[in-house]
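Tertiary structure, described
The residues making up each chain are set out below.
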Amino acid sequence: MQERVLLFPLKEEVSVSEYQSESLEFTVIFETYYKRIYNYISYRVSCRYTTEDLTSQVFVKAMTKIDSYSPKKSPLEVWMFTIARNVVNDYFRAQKRRNIFSIDVIKELVSSKKDPESLFILGESNDKLQMALNTLNARERNMVALKFGANLSNIQISELVDLSESNVGVILYRTMKKLKVQIENESVVDSK
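Everything numeric here is computed off the predicted structure, so don't read it as measured data. (Residues numbered from 1 in each chain as written. Predicted model: local features only at pLDDT ≥ 70, side-chain atom pairs only at ≥ 80, totals over all residues. Heavy atoms only, no water.)

1. What about the pattern of salt bridges?
Formally: Salt bridges, as used here, are contacts in which a Lys or Arg side-chain nitrogen is within 4 Å of a carboxyl oxygen on Asp or Glu. We count a stretch as a helix when DSSP gives it H or I for four or more residues in a row; a strand needs E for two or more, and each element gets its number in order from the N terminus. Relative accessibility under 20% of the residue-type maximum defines a buried residue, over 50% an exposed one, and the middle range a partly exposed one, all with a 1.4 Å probe and only protein chains included.
Tallying each qualifying case throughout the model produces five salt bridges. K61 is the partner of D90 in a salt bridge, and the nearest nitrogen-oxygen pair spans 4.0 Å. With D90 in helix α3 (residues 76-97) and K61 in helix α2 (residues 48-65), this pair connects stretches of sequence that are 29 residues apart. Overall, the relative accessible area of 36% leaves K61 in the partly exposed class. When salt bridges with common partners are traced through the structure, they connect K61, D90 and R93 into a single cluster.

2. Examining unusual backbone geometry
Positive phi, normally seen in glycine, also occurs at N151, with a value near 60°. Within the secondary structure, N151 is located in the loop between α6 (138-149) and α7 (154-161). Unlike most non-glycine residues, D162 shows phi in positive territory, near 60°. Note on placement: D162 falls in the loop between α7 and α8 (165-191).

3. Section: the packing of α2 against α3
To keep it simple, the criterion reads: Fitted lines through C-alpha atoms serve as axes, helices being fitted only where they are in contact, and the angles separating the N-to-C directions of these axes extend from 0 to 180 degrees. By definition in this entry, angles of less than 35 degrees are roughly parallel, angles greater than 145 are roughly antiparallel, angles of 65 to 115 are roughly perpendicular, and the rest are oblique. By convention, the crossing between two helices is left-handed when the near helix turns anticlockwise from the far helix through less than a right angle, and right-handed when the turn is clockwise. Contacts are assigned to residue pairs that have any heavy atoms within 4.5 Å of one another. In this classification, the charged set is Asp, Glu, Lys and Arg, the nonpolar set is Ala, Val, Leu, Ile, Met, Phe, Trp, Tyr, Cys and Pro, and all remaining amino acids, among them Gly, are polar.
Here α2 crosses α3 at 130°, and the two axes come no closer than 9 Å. On the basis of the axis angle, α2 is oblique to α3. Here α2 and α3 pass one another in a crossing that is right-handed. Of the residues in α3, those touching α2 at T50, L54, Q57, V58, F59, K61, A62 and K65 are W79, M80, I83, A84, V87, V88, D90 and Y91. Each residue belonging to the contact of α2 with α3 can be placed in one class, and the counts come to eleven nonpolar, two polar and three charged.

4. As for α3
Formally: Any helix carries an expected span of 1.5 Å times its number of residues minus one.
Taking 1.5 Å per residue, 22 residues should reach 32 Å; α3 reaches 32 Å between its end C-alpha atoms and fits that length. Among the residues of α3, those classed as buried are L76, E77, V78, W79, M80, F81, I83, A84, R85, V87, V88 and A94.

5. Observations concerning the packing of α6 against α7
Where α6 meets α7, the closest approach of the two axes is 10 Å, and the angle between their N-to-C directions is 135°. Our classification of the angle between α6 and α7 gives oblique. The two elements α6 and α7 cross, and the hand of that crossing is right-handed. Where α6 abuts α7, its residues N142, M143, L146 and K147 lie against N154, I157, L160 and V161. Residues belonging to the contact of α6 with α7 are distributed by class as follows: five nonpolar, two polar and one charged.

Structure below.
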């Protein structure tokens, strides 16, 4: 019995050198943006497993749509984070339609390898940060995720969200002040 392997499943009539070249280019894109896109999504989604799934969806979409990318319209980075933002928004839209309890969140809490005291302290500070982040509106939370999760500059964020650079700076400044006040209020309530 003879087995056949499909060498180039995405395109027909592609030479080996073209395929290797395209594969190498996408590998560079993946290695350049994976960590930042993962961090961006993890700021927006609280579950590690969901973050991993959504990050992989971003790169699958980018790989299938790479032919539609135009450097004249926007830098590659902006294009990648636009895809990431849309994938996250689609995820939240789908979550609104169904209320499913995620066992992955509990599994992540239970399967940690740290000692109980450090887990408690880490969990407490994460809870405070998460509670503070939950007080933000969607735009503020997205800005924080782009700035600190994706590590984008204000100029890059302004291109992505179609606002001026100074407007992005003001929004981030006010949002950080709001988070600081919220976390300090939580600390005061906890100490009583």
